[in-house]
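# Chain and residue survey
Here are the chains, one letter per residue:
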Amino acid sequence: MAEQKHEKYYVPASSPWPIVGAIGLGLIAFGAGHTVIDMKNEADGWGINVLLAGIVVILVMLFGWFRDQINESMSGLYSKQLGHSYRQGMAWFIFSEIMFFAAFFGALFYARVIAVEWLGGASNNVMTNEVLWPGFEAIWPLTETPGGIESGAMGWLGLPLYNTLILITSSFTCHFAHVGLEKGKRKQLIGWLGVTIVLGLIFLYLQGAEYVHAYQDLGLTLDSGIYGNTFYMLTGFHGLHVTLGTIMLIVMFLRVLKGHFTPEGHFAFQATSWYWHFVDVVWVCLFIFVYIL
Amino acid sequence: MSTVVGEMDQHDDHHHHAPSGVTRWLFTTNHKDIGSMYLWFSFIMFLVGGSMAMVIRAELFQPGLQLVDPHFFNQMTTVHGLIMVFGAVMPAFTGLANWMIPMMIGAPDMALPRMNNWSFWILPFAFAILLASLFMEGGGPAFGWTFYAPLSTTYSSDSTALFVFSVHIMGISSIMGAINVIVTIMNMRAPGMTYMKMPLFVWSWFITAFLLIAVMPVLAGAVTMVLTDKYFGTSFFDAAGGGDPVMFQHIFWFFGHPEVYIMILPSFGIVSAIIPAFARKPLFGYASMVYATAAIAGLSFLVWAHHMFTTGMPVFAELFFMYCTMLISVPTGVKVFNWVATMWRGSITFETPMLFSLAFVILFTIGGFSGLMLAITPVDFQYHDTYFVVAHFHYVLVSGAIFSIMAAAYFWLPKWTGHMYDEGLAKLHFWASLISVNVLFFPMHFAGLAGMPRRIPDYSIQFADINQIVSIGGFAFGLSQLIFLWVVIKCVKGGEKAPAKPWEGAEGLEWTVPSPAPYHTFDTPPDTSKTPPEAQDHG
């Protein structure tokens, strides 16, 4: 407690962005709901327009909110204590993201260890298998579902392995960029940050290529049973997070070029870097549990 | 850059009075404004969800189908549950946290004031979407607030997509609100306010915020899987694709059980503030209260499958979840013991906040005991999905959580409004609520033990008398809450001037500022190292 400094804490004046953001999220939720319903009914509805409008509103909000934030930060309104608030906020946000992935990993483990085994007659479920799903064999990857859908399985050699190496490397390059920032070596910062972004983009491209391969050559699709479900939901949500992380890195790159950030004050960079490491760790878990095991 | 500095000056200008007009509420970054909005929102939702309960009780007044068709009845039970959980109880606690935590720890505001406003304003949109879905073709969500698959996947109407996305944004709101609370507590305490000197309301919210951040994302995962199962051909909860409907229940209750503690832990904090104030004695066992709250939160992650004893699990799992559930009664017992010990030989007076707190202790304990009965696996096979369960969770949520929120409202209304509320009307509200809540929920135990299933619009003739009594209690309880609305409006509009500290025995920094609390409190943090609140006896 003793070393905690209490300068005047910056409480921003009223801001329009939160209500704009709430309207944006409301439009997205309402629009996404109707888009999904329209898709199911194969109807051309207005849902997609509402969804797109919501996304536009959110983008405007993000732009305006971060512009205010950056201006305040650059004009020296922020104290060390506020920096702690932001860092802790980001850390807890990442924790919530971990729990989001935990739900899908939980589904993967449950399906593999319990659901598929039981359908195959394990434990005291012999009659389930004999009567309800005769002939079903519990194997993983589940290349034939109890209902009879067949699909291929994604191996771990090749693209997934390359992607793993790329993402792990990018975690190191991101760290080198951070060290460059902390030591005031701007060239090191710009160089390594650029490499990190390129690696992120390569990862995303290869991930796309992997999906094409899975759909066209392996017949492994989102609706081909629990193996395909967990495969696409986990890698898909991870891919979305990589996309978001890459966009954040690009924004950081532009800000670095504009001369933002000091060795002492660079919350936004630090948060982006944490986020990138988090995405990397999730991928390592994915590689082990979805691909290898 | 200059514009920002300009805003800053302007900000300094209106330092101690609120801006006016509608933009004050739309654009605000003030924790008190946002707290008020949360509290009013939750009260409106309480009345909306309550009206749905009235529809349910009206239909159940007699056996047979009278007023609504079964599908609409199911929508009412579903949306009543969703609104009360996510729209009434949780926002009420967040509103109290917003109002009180910065004042209790000597902070100028919440740590992230703009995000705070965002968290609030998402809620009206989320609930507008949820309520609007009731008017869609095919009706709103009708699968129970627990949205078990396959009811929510194979057998649900199109409104499911809207339900899913509305839950998503509610979750975003809750997570941001919780991050704000937890960061405020970790980072904004005044010098001298160590963790073990924080008021218990702050402690209980600290732990609640952790639970929220840990489990709301799991709920998001669960609704996402429901969405893809229904609309995108996945089979997470479909055995034909290798999934399992039981898996839904595991994922849902991994969220759901911590969720029910999210709705009760702040109550513990409230009651731990009020009972010492009116018993005029420091809280008995401060440290044990903190540890007990943390223990309850920790155990809440290990008990989820006690909601699923009849669903089908290996016997080992049934026993594990039974024993873990029973363990929770140990820290809960510590708490009840401490509240009673606080009152022991105190000089107690019975103002309305104290009355609600006392009712809380007794009625919550009844709910706790029926919970203990439900925890016993073999007997749960009889109780499961009967009105006994309905009685149990309404005792902990209505006469538990809601009563504590009422207690908190009466306790802090003078601080919020600057006026004393009408004690006579408030006592009327208390006694009307106390009697009607027991007429409403106590007989449900017997209906449940006799085998009346929940969530069914019709019932066998032998339950007619009990249901009539329950419905009368329900209408009386619903009407009683209008007295509360009256008291609050009266208190906002005027009344006897409240001093800075209207309650003789109350402790805490919030009572060191005038009533009503100025628009900005603690621009510079107070030094609490000399006279820490609640520090007298628990050291």
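Residues numbered from 1 in each chain as written. Chains lettered and ligands numbered in written order. Predicted model: local features only at pLDDT ≥ 70, side-chain atom pairs only at ≥ 80, totals over all residues. Heavy atoms only, no water.

### Regarding the overall build of chain A
Going by this rule: Each helix is a run of H or I in the DSSP string that is no shorter than four residues. Each strand is a run of E no shorter than two, and both are numbered from the N terminus. Exposure categories follow from relative accessible area, calculated using a 1.4 Å probe and restricted to protein chains: below 20% of the type maximum is buried, above 50% is exposed, and the middle band is partly exposed. Whether two residues are in contact is decided by their heavy atoms: any pair within 4.5 Å suffices. Only the protein chains shown count as cover for residues, and the accessible areas themselves come from Shrake-Rupley with a 1.4 Å probe.
Counting its secondary structure elements, chain A contains eight helices and zero strands. Along the chain direction, N to C, the helices and strands of chain A fall in the order α-α-α-α-α-α-α-α. Seen through its principal axes, chain A has C-alpha atoms that stretch 70 × 45 × 40 Å. The proportion of buried residues among the 293 residues of chain A is 49%. Taking the contacts inside chain A whose residues are at least 6 apart along the sequence as the reference set, 72% of them involve residues at least 24 apart. Summed over all atoms, the accessible surface of chain A reaches about 13,400 Å², with 69% contributed by carbon and sulfur.

### Side note on the overall build of chain B
We apply this condition: The size measure is the radius of gyration over C-alpha atoms, and the globule rule it meets is 2.2 Å times the number of residues to the 0.38 power.
Looking only at helices and strands, chain B has 16 helices and zero strands in total. For a compact globule of 539 residues, the expected C-alpha radius of gyration is about 24 Å, and chain B comes in at 23 Å, within 12% of that figure. In terms of overall dimensions, chain B has a C-alpha envelope of 65 × 60 × 45 Å along the principal axes. Out of the 539 residues belonging to chain B, those deemed buried represent 66%. Considering only residue pairs separated by 6 or more positions, chain B has 83% of its internal contacts joining residues 24 or more positions apart. With an accessible surface of roughly 17,900 Å², chain B has 71% of that area assigned to carbon and sulfur atoms.

### Things to note about the pattern of salt bridges
All names here are of chain B. The criterion, for reference: For this document, the term salt bridge refers to a Lys or Arg side-chain nitrogen within 4 Å of an Asp or Glu carboxyl oxygen.
Evaluation of the coordinates by the stated rule reveals eight salt bridges over all chains. In this structure, Lys490 engages Asp422 in a salt bridge whose closest nitrogen and oxygen atoms are separated by 2.6 Å. Of this pair, Lys490 sits in helix α16 (residues 464-493) while Asp422 sits in the loop between α14 (387-417) and α15 (423-449), and the two are 68 residues apart along the sequence. Accessibility expressed as a relative area gives 40% for Lys490, which makes it partly exposed. Taking the relative accessible area as the measure of exposure, Asp422 reaches 28% and is therefore partly exposed.

### So, the interface of chain B and chain A
Put simply, the rule reads: Summed over both partners, the accessible area lost on bringing two parts together, with a 1.4 Å probe, is the buried area. Within 3.5 Å is the distance limit for a polar contact, defined as a pair of N or O atoms, with the added protein rule that one can donate a hydrogen and the other accept it, and that residues adjacent in sequence qualify only through two side-chain atoms.
Across the contact, 75 residues belong to chain B and 75 residues belong to chain A. Each partner contributes to the roughly 6,400 Å² buried at the junction of chain B and chain A, and carbon and sulfur atoms together form 75% of this total. When residues of chain B are sorted by the area they lose upon contact with chain A, Arg114, Trp118 and Asn187 of chain B head the list and together hold 12% of the total. Lys40 of chain A is the salt-bridge partner of Asp158 of chain B, the closest N and O atoms lying 3.0 Å from each other. Taken together, the links from chain B to chain A amount to 14 residue pairs in polar contact (both at pLDDT 80 or more). Counting only elements with at least two residues in the side of chain B that touches chain A, the list comes to α1 (2-13), α2 (22-27), α5 (113-132), α6 (159-187), α7 (200-231) and α8 (245-262) of chain B. Looking at the side of chain B that touches chain A element by element, the count peaks at 12 residues for α7 of chain B.

### Side note on the packing of aromatic side chains
For clarity, the cut-off: We call Phe, Tyr and Trp rings a pair once their centres come within 6.5 Å, taking the six-membered ring for Trp, and we label the pair stacked below 30 degrees between planes, edge-to-face above 60, and tilted otherwise. Any Lys NZ or Arg CZ found within 6 Å of a ring centre and within 35 degrees of that ring's normal is scored as a charge over the ring.
Applying the stated rule across the entire model yields 83 aromatic pairs over all chains. Ring geometry for Phe105 of chain A and Phe289 of chain A: centres 6.4 Å apart, planes at 75 degrees, overall edge-to-face. Taken as a pair, Phe105 of chain A in helix α3 (residues 80-119) and Phe289 of chain A in helix α8 (residues 267-292) lie far apart in primary sequence, 184 residues in all. Judged by relative accessible area, Phe289 of chain A falls into the partly exposed class, the value being 31%. Summarising the aromatic geometry, the rings of Phe287 of chain A and Tyr291 of chain A are spaced 6.0 Å apart at their centres and angled 40 degrees between planes, so their arrangement reads as tilted. With Phe287 of chain A and Tyr291 of chain A both in helix α8 and four residues apart, the pair spans about one turn of that helix. Classification of Phe287 of chain A by relative accessible area gives buried; the value is 9%. The ring centre of Tyr195 of chain B lies 3.9 Å from the NZ or CZ of Arg189 of chain B, which sits over that ring. Sitting over the ring of Tyr231 of chain B, Lys230 of chain B keeps its end group 5.5 Å from the ring centre.

### Some details on the nonpolar core
All names here are of chain B. We apply this condition: Throughout this description, the term nonpolar core refers to a set of buried Ala, Val, Leu, Ile, Met, Phe, Trp, Tyr and Cys residues connected via side-chain atoms within 4.5 Å.
Formed by 274 residues in total, the largest nonpolar core has its most connected members in Phe86, Phe127, Trp339 and Phe411. When residues in this core are grouped by element, the largest group, 23 residues, is from α7. Look past the residues within four positions of Phe127 in its chain and what remains in contact with it is Phe41, Met45, Leu82, Ile83, Phe86, Gly87 and Met170.

### Regarding helix α7 (residues 225-257) of chain A
Quick reminder of the rule: A helix is expected to reach a length of 1.5 Å times the quantity of its residues less one.
Between its terminal C-alpha atoms α7 of chain A stretches 47 Å, which fits the 48 Å expected from 33 residues at 1.5 Å a residue. Count one or two residues on from α7 of chain A and you reach Gly259 of chain A, which has phi positive near 90 degrees.

### Here's the deal with the UniProt feature "transmembrane region" (unreviewed entry) in chain A
Residue and element names in this part refer to chain A. Let me state the cut-off plainly: UniProt positions are given in the numbering used here, feature names are shortened, and annotations may be inferred rather than shown by experiment.
Here, the residues flagged by UniProt with the feature "transmembrane region" (unreviewed entry) are residues 9-34, 46-66, 90-111, 159-177, 189-206, 226-254 and 274-292. Secondary structure across residues 159-177 comprises 100% helix and 0% strand; the distance between its end C-alpha atoms is 26 Å. For residues 226-254, the end-to-end C-alpha separation is 42 Å, with 100% helix and 0% strand making up the annotated structure.

### Quick look at helix α2 (residues 47-74) of chain A
All names here are of chain A. Given a rise of 1.5 Å per residue, 28 residues ought to cover 40 Å, and the 40 Å separating the end C-alpha atoms of α2 matches this to within 8%. Among the residues of α2, those classed as buried are Gly47, Val50, Leu51, Gly54, Ile58, Met61, Gly64, Trp65, Asp68, Gln69, Ile70 and Glu72. A positive phi of about 75 degrees marks Gly76, the residue just after α2.

### What to know about the environment of Ala268 of chain A
Residues and elements named next belong to chain A. Locating Ala268 in the fold gives a position in helix α8. Taking the C-alpha atoms as reference, Ala268 lies 9.1 Å from Met248; in sequence the two are 20 residues apart. The contacts of Ala268, once residues within four sequence positions are left out, are Met252, Arg255 and Phe261.

### Notes on unusual backbone geometry
Pro141 of chain A follows Trp140 of chain A through a cis peptide bond whose omega is 0 degrees. One can find Pro141 of chain A in the loop between α4 (126-132) and α5 (159-182). The backbone of Arg455 of chain B sits at a positive phi, close to 60 degrees, despite the residue not being glycine. Relative to the helices and strands, Arg455 of chain B is located in the loop between α15 and α16. Arg455 of chain B gets classed as partly exposed once you look at its relative accessible area, which sits at 28%.

### Quick look at a nonpolar patch on the surface
Residue and element names in this part refer to chain A. Rules: Residues enter a patch when their relative accessible area is above 30% and they make no salt bridge; the linking distance is 9 Å between like charges and 5 Å between nonpolar side chains (Val, Leu, Ile, Met, Phe, Trp, Tyr).
On the surface, Phe109, Val113, Trp156, Leu157, Ile288, Phe289, Ile292 and Leu293 cluster together into a nonpolar patch covering about 720 Å² of accessible area. Those elements that provide at least two residues to the nonpolar patch are α3 and α8. Relative to the elements of secondary structure, Val113 occurs in helix α3.

### Considerations on the side chain of Thr293 of chain B
The residue Thr293 of chain B is located in helix α10 (residues 286-299) in this model. Ignoring any residue separated from it by four or fewer positions in sequence, one finds Thr293 of chain B in contact with Ser204, Ile207, Leu265 and Lys335 of chain B.

### Comments concerning the confidence of the model for chain A
Where the model shows low pLDDT, its predicted coordinates should not be examined in detail. All names here are of chain A. For clarity, the cut-off: Per-residue confidence from the predictor is given as pLDDT, running between 0 and 100.
A residue-level look at chain A finds 98% of positions with pLDDT of 70 or above and a mean pLDDT of 93. Here α4 stands out as the least confident element of chain A, with mean pLDDT 93; α7 is the most confident, with 97. Note on residues 1-6: pLDDT is under 50 here. Beyond four places in sequence and across chains, it has 13 contacts.

### What to know about the packing of α5 of chain A against α8 of chain A
Residue and element names in this part refer to chain A. Quick note on the threshold: Only C-alpha atoms enter the line fits that serve as axes; for helices the fit covers just the stretch in contact. Angles between N-to-C directions range over 0 to 180 degrees. Every angle not falling under 35 degrees, over 145, or within 65 to 115 is termed oblique; those three ranges are roughly parallel, roughly antiparallel and roughly perpendicular. Less than a right angle of anticlockwise turn of the near helix away from the far helix marks a crossing as left-handed, whereas a clockwise turn marks it as right-handed. Think of it as three bins: nonpolar holds Ala, Val, Leu, Ile, Met, Phe, Trp, Tyr, Cys and Pro, charged holds Asp, Glu, Lys and Arg, and polar takes everything else, Gly as well.
Running from N to C, α5 and α8 cross one another at 160 degrees; their axes reach a closest spacing of 10 Å. Classified by the interaxial angle, the pair formed by α5 and α8 is roughly antiparallel. With respect to the hand of their crossing, α5 and α8 are arranged in left-handed fashion. Here the residues of the contact of α5 with α8 are counted per class, giving 14 nonpolar, nine polar and one charged.

### Some words on the packing of α3 of chain A against α8 of chain B
Orientation of α3 of chain A relative to α8 of chain B, taken along the N-to-C sense of each, is 150 degrees, at an axis distance of 11 Å. For the element pair α3 of chain A / α8 of chain B, the angle class is roughly antiparallel. For α3 of chain A against α8 of chain B, the interelement crossing comes out right-handed. Within the contact between the two elements, α3 of chain A uses Met99, Ala103, Ala107, Tyr110 and Ala111 of chain A and α8 of chain B uses Val246, Met247, His250, Ile251 and Phe254 of chain B.

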